[in-house]
Amino acid sequence: MSEASLLIEAPPEGGQNRRGFVLHTLRHRPAAVIGATILVLVALGAILAQWIAPYPLHQQVGPVFAHPSWHHLLGLDDGGIDMVTLLMWGARVSLVVGFAATLVSMAIGGAVGVLAGYFGGWVDTVLMRITDYFLVLPDVPLMIVVAAIWGPSLFHIIIVIGILLWTSTARVIRAQVKSVRERVYVKRARALGAGHTRIVFTHVLPQVAPLLIANTVLTVAVAIFDETALSFLGLGDPSTTSLGKVIENAFQRAAISAGAWWAIVWPGVLVTLIILGCSLVGGALEDALNPRLRVAHLGARTFRLRPLVGRGQDAL
Amino acid sequence: MSKKWLAALPLLVAALIFATTATGSGSSSKSGGTFKLGTASGIDSLNPYVAFNQDAYSAFEYIYPILVQYDAKLHYAPFFATSWKASNGGKTWTFKTRAHAKWSDGKPLTAADAAWTINTDVKYKNGATANVAGLVSHIKGAKAPNATTLVVNYDGRVNPSWVLGQFQQYAILPQHIWAQHLGKKGAGLKTFPNSAPIVGSGPFNLVRFKQNDIALFQRNDSYWGPKPKIDVFGLQQFSNDDAMITALKAHDLDAVESVPATTMKTLRKAGFVVQDVKGLDQTDFIINSNPKKKKHRELLNLKVKEAFDHAIDRKKIISVVYLGAAQLPSSIIPAPAGAGWHNPHLKTPTFDIALANKILDKLGYKKGPGGIRVANGKKMSYDVIIPTDVQSLPRTFQIIQADFAKIGVQLKEDALDSTAAFDKMAGSNYTYQGFDLAMWDWTALIDPDFMLSVVTCAQWGGWSDSAFCDKHYDKMYSQQQTAATPAKRRQIVWQMQAYLYQHRPYLWLANDDQVSAVSKNWAGFTNTAQGPFNELNISVLTSVHQK
């Protein structure tokens, strides 16, 4: 390993403020910028699909599985529908499911983490054992079972993914809450007569919110991947066009044997890009916002040595 | 449950065009070898009282004695029976059967086995043997006065083509094996696994079987009829088409039973012989025709059904979904069923959105918000139940959905696996109140009896998925079974098709072709309307051989 990779990271300019630290981190992590660029581009394409997609969705514009051409840069699918159009609309559904499911799992994970960490004792024990239980359940098989029982619909998919992805968030948040709870200012607030609700909402939540955000971006990637997998297995909503559904359609019509690789590869590449973008951005955010990673000698993701200096009130 | 594709099963039949079989291959043919066929369906059970899938019935054709078979022109030909005649005004049928035949365990195979099988099936037809009850209907009993004579007594005059049509699908079981498994009221017949190696008497012995995987058939050298040229026939099941086609291209398989339309071109290019023949499967758009239907009663209006029929772009469905490998349908009995059963006077409804709109306008169903018509105060917006295991349906639905929007009718997809789909359609206690529209497919047999039966009142809770129930139709159905001559029966069968054409429990969408592929290393392998591995006769696997 070269010396260069063990550079001592300079403390952020502007010192104590968190925003400065985030910008600093992003600046020194081109990967995060690449990730953010990917996500912005995909999101723009998805949001503007109805105006900028080259053809209407569901409209047959050529022969089944037509090769890529000037008019159809990525070829046509098994219904003679333009792949570029499908990818834009597909990304829209995938992103919606990804973010909505993540919201569900953040709400659950955040609540469980804060309650367990803040109250401790038997509340902590019970909630953490439940978390452990969900943690050891194999996600995808369970999602398949639940999706099959509830029936295929976008809403069901969102809920199914949401209720299975919250466990790691709950654990991370709980640990951080446990530390915040013992801080002097929290004790002072309590001594002044603040109730649990006030302490949680005004003193604890703001401290763990950045962690929650970093976790969200990482969870979105997993949620989008899960949605794609479920749709590919035929458990998605048949009336919507998600990226997994596009792949499933092509697979059902034996696209690979027919030589129409573009009907499967492009949606696969797009899913990969979205997940990659989320991971890069989420990783950087986590690095920047997770105090535990910051105080370590070795940044968990950058593998750079950092000086052990206090960086404001939330450092230990 | 009724899956339509299974229709092909219990009764099976079908087929068609058969290339002339064994004769021509002269000195150049090599015998021996293993012939491996890939299927996307597979044998679901080796017990005839349980089996559903066509592959299972095709297997029975090769391992059990059957009285009659179809010849290349789909006429009845001798098989285990060498001749037959009716007497006593058509109430008694006498079959002469093969002499000196043996089961694969060496025990003699005689007419007594046939009589025992028939009598057992009649005795328990309301219980354990319900799966084959249709084949023995009207039979009072059977006797075997000697080893080569079988006498079957009917409760009245029965139509000759109908009798042979039923026996063509009827596997005779070894009495010395199955009589030990009757159990209580015959219940043991359904639970007997009949596992390989099976005691049978056909051109092949089934020596190994693993469900959802593989079935191995070995040539039966003591068979009384024409012997296969190959040593072993293997049927391998695949759960997805891509894997199956890849195995064929890698020569892990010698042939594939049904080829997805999208891969026909690449297989031809890769040097395989792709045989595309007109088939017996038809996809359909089901309109719940339950006369006692509570909701959306406008769907019982024949004018509404007619308007729907004109809003289906069948040519587009055939070009997009089947890439041209399908025919325009017109009747419940598809044209390739042969033997003149299909009524040729029925024409495929035209695709005419303007006409469909005119019919609905005339009924006074005005367009409301969102361009959706309102009938009897309710929006014309319906869920369409679609079984997920029929791969052609999602695309077909999208095409229909777009065109129905143009006539002010909203369709929403309700995709369910086939068991859940049928349960939802039949509803609790088989009242057929829970659905309006659905899509599925039926695979017809050569003899029209089965397809015509699925829309009778008696099939509620059985094969019925349209809840069609009409006394006049039911009367015609029993008349065709007992008509005096084949010509008279054909006349009634044609009338029944015209009646259904007008009452439209089904709107027929496409009559898809049967497409098989085989490696160039093999000769004598022919496709039929029922596929290469079929229950029409034993010609394909007894004539296939290495080049």
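Scroll up for the structure.
This structure is a prediction, so every number in the text was calculated from the model and none was measured. In every chain, residue numbers begin from 1 and rise along the written sequence. Naming scheme: in the order in which they are written, chains are lettered from A and ligands are numbered from 1. Residues qualify for local features only when their pLDDT is at least 70, as the model is predicted, and side-chain atom pairs are given and counted only at 80 or more; totals for whole chains, interfaces and linings, by contrast, use all residues. Computation of side-chain values: all heavy atoms of the structure, hydrogens and water removed.

**Q** Now, about the overall build of chain A: what can you tell me, with residues and values included?
**A** Secondary structure elements follow DSSP: runs of H or I of four or more residues count as helices, runs of E of two or more count as strands, with numbering from the N terminus. Broken down by element type, chain A carries 13 helices and 0 strands. For chain A, the sequential pattern of α-helices and β-strands runs α-α-α-α-α-α-α-α-α-α-α-α-α. Here chain A holds 316 residues, and the buried ones make up 49% of them. Entry remark: accessible area of chain A is about 14800 Å², with carbon and sulfur atoms responsible for 71%. Any residue under 20% of the maximum accessible area for its type is buried, any over 50% is exposed, and the rest in between are partly exposed; the area is computed with a 1.4 Å probe on protein chains only. All accessible areas in this document rest on Shrake-Rupley with a 1.4 Å probe, and a residue is counted as covered only by the protein chains that are shown.

**Q** Requested: an account of the nonpolar core, with residues and values cited.
**A** Residue and element names in this part refer to chain B. One finds F285, F308, I332, F404 and L411 to be the most contacted residues of the largest nonpolar core, which totals 118 residues. Contact criterion: two residues are considered in contact whenever any of their non-hydrogen atoms come within 4.5 Å of each other. With residues near it in sequence (within four places) discarded, F404 still touches F285, F308, A311, I312, V409 and L411. Side-chain atoms within 4.5 Å link the members of a nonpolar core, which is a set of buried Ala, Val, Leu, Ile, Met, Phe, Trp, Tyr and Cys residues. If you look at the next biggest cluster of nonpolar residues, it comprises 73 residues, including A51, F79, V163 and L541.

**Q** I'd like a rundown of the interface of chain B and chain A, residues and numbers included.
**A** Often the size quoted for an interface is simply the accessible area lost on bringing the parts together. Counting from both sides, the interface comprises 20 residues of chain B and, opposite them, 20 residues of chain A. Of the roughly 1600 Å² buried between chain B and chain A on both sides combined, carbon and sulfur atoms contribute 49%. Values labelled buried area give the accessible surface lost by two parts on being combined, using a 1.4 Å probe and summing over both. Three residues stand out in chain B for area buried against chain A, namely B:D242, B:T262 and B:R395, and they jointly supply 38% of the buried area on that side. One speaks of a salt bridge when a side-chain nitrogen belonging to Lys or Arg is within 4 Å of a carboxyl oxygen belonging to Asp or Glu. Viewed at the interface, chain A and chain B are joined by 2 salt bridges. B:R395 is paired through a salt bridge with A:D77; the nearest N and O atoms lie 2.7 Å apart. Counted as a polar contact is a pair of N or O atoms within 3.5 Å, where, for protein atoms, one must be capable of donating a hydrogen and the other of accepting one, and residues adjacent in sequence contribute only when both atoms are in side chains. If you look at where chain B meets chain A, you find 9 residue pairs in polar contact (both at pLDDT 80 or more).

**Q** Got a sec to walk through helix α6 (residues 139-150) of chain A? Specific residues and values, please.
**A** Residues and elements named next belong to chain A. Helix length check: α6 (12 residues) gives 16 Å between terminal C-alpha atoms against 16 Å at 1.5 Å per residue, within 8%. Turning to α6, its buried residues are M143, V146 and A147. In a view along the axis of α6, the buried residues occupy a sector of 100 degrees, so they form one face of it. For α6, exposure combined with an orientation more than 90 degrees from the buried face picks out A148 and I149. Among the structural elements, α7 (154-162) and α10 (196-232) are those in contact with the buried residues of α6. At the C-terminal side of α6, G151 shows a positive phi close to 95 degrees. By definition here, a helix of n residues has an expected span of 1.5 Å times n minus one. Note: the arc covers the axis-to-C-beta directions of the helix.

**Q** Run through the environment of B:D276, naming residues and quoting values.
**A** All names here are of chain B. Inspection of the secondary structure puts D276 in strand β14 (residues 273-287). Here the alpha-carbon distance between D276 and D513, two residues 237 residues apart in the chain, equals 6.4 Å. For D276, the contacting residues outside a window of four places in its chain are M264, R268, A325, D513, Q514 and V515.

**Q** A description of the pattern of salt bridges should follow, citing residues and the corresponding values.
**A** In total, this model carries 21 salt bridges over all chains according to the counting rule given. Put simply, A:D132 and A:R129 hold a salt bridge, and the shortest N to O gap is 3.0 Å. In this pair, A:D132 and A:R129 both sit in helix α5 (residues 121-136), 3 residues apart, roughly one turn of the helix. One salt bridge connects A:E182 with A:R181, and the closest N-O pair in it is separated by 3.1 Å. Overall, the relative accessible area of 18% leaves A:R181 in the buried class. Each of A:D77, A:D78, A:R253 and B:R395 takes part in a single network of salt bridges with overlapping partners.

**Q** I'd like to hear about the packing of helix α14 (residues 471-482) of chain B against helix α15 (residues 486-503) of chain B, residue by residue, with values.
**A** Residue and element names in this part refer to chain B. It is at 9 Å that the axes of α14 and α15 come closest, and there the two elements cross at 155 degrees. In terms of orientation, α14 and α15 fall into the roughly antiparallel class. Here α14 runs over α15; the crossing is left-handed. Of the residues in α15, those in contact with H472, Y473, M476, Y477, Q479 and Q480 of α14 are R489, I492, V493, Q495, M496, Y499 and L500. The axes used here are C-alpha line fits, helices contributing only the stretch in contact, and every angle between their N-to-C directions lies in the interval 0 to 180 degrees. Oblique is the label for any angle not under 35 degrees, not over 145, and not in the 65 to 115 range, which are roughly parallel, roughly antiparallel and roughly perpendicular in turn. With the far helix as reference, a near helix turned anticlockwise by less than a right angle produces a left-handed crossing, and one turned clockwise produces a right-handed crossing.

**Q** How would you summarise the pairing of strand β5 (residues 92-97) of chain B if you had to cite specific residues and measurements?
**A** Regular strands place their side chains on alternate faces of the sheet. Residue and element names in this part refer to chain B. The element β5 is extensively covered by neighbouring structure, given that 5 of its 6 residues are classed as buried. Taken together, the 6 bridges between strand β4 (residues 81-87) and β5 define a ladder with antiparallel strand orientation. The partner of A81 across the bridge, within β5, is T97. Strand pairing requires that DSSP identify at least two bridges connecting the strands. Taken together, β4 and the strand that follows it, β5, pair antiparallel across an intervening segment of 4 residues, in which N88 is found at a positive phi of about 55 degrees. Bridge count between β5 and strand β9 (residues 149-154): 5 bridges; the pairing is antiparallel. Bridge assignment links T92 to a residue of β9, and that residue is N153.

**Q** So what's going on with the sheet that holds strand β8 (residues 139-146) of chain B? Which residues, and what values?
**A** Residue and element names in this part refer to chain B. If you walk across this open sheet you meet the 4 strands as β4-β5-β9-β8, and the pairing is antiparallel. Because the sheet does not close on itself, it has two edges, and the strands there are β4 and β8. Ignoring strand direction, the axes of neighbouring strands in this sheet form an average angle of 20 degrees. Its contacts with the sheet place helix α2 (residues 111-123) against β5, β8 and β9, and it is angled at close to 160 degrees to β8. Each of β4, β5, β8 and β9 is contacted by helix α3 (residues 160-167), which is oriented at about 45 degrees to β5, the strand it contacts most.

**Q** Describe the state of the cysteines, listing the residues and the values that go with them.
**A** Each disulfide consists of a covalent bond between the sulfur atoms of two cysteine residues. Residue and element names in this part refer to chain B. The definition used for a disulfide is geometric: two cysteine sulfur atoms within 2.5 Å. Within this structure, the stated rule accounts for 1 disulfide over all chains. A disulfide bridge connects C457 with C469, and the sulfur atoms are separated by 2.0 Å. Every disulfide takes its handedness from the sign of the S-S torsion; for C457 and C469 that torsion is 100 degrees, giving right-handed. Taken as a pair, C457 in the loop between α13 (449-453) and α14 and C469 in the loop between α13 and α14 lie far apart in primary sequence, 12 residues in all.

**Q** Account for the pairing of strand β12 (residues 232-237) of chain B, with residues named and values stated.
**A** Residues and elements named next belong to chain B. For β12, the buried fraction is high: 5 of the 6 residues fall into the buried class. Where strand β1 (residues 34-39) meets β12, 6 bridges bridge the pair, whose relative direction is parallel. Directly across from K36, in β12, lies its bridge partner G234. Alignment of strand β11 (residues 214-219) against β12, held across 5 bridges, turns out to be antiparallel. Of the residues in β12, the one forming a bridge with L216 is G234.

**Q** Describe unusual backbone geometry, and please don't skip the residues or the numbers.
**A** All names here are of chain B. Note that the residue after A196, namely P197, is joined by a cis bond; omega there is -5 degrees. Here P197 shows up in the loop between α5 (187-191) and β10 (204-210). Of note in the backbone geometry, L74 takes a positive phi value of approximately 65 degrees without being a glycine. On the secondary structure map, L74 appears in the loop between β2 (68-70) and β3 (76-78). By relative accessible area, L74 is classed as buried at 7%. Positive phi values are uncommon outside glycine, yet N376 reaches one of about 50 degrees. Residue class for N376 comes out exposed when judged on its relative accessible area of 60%.

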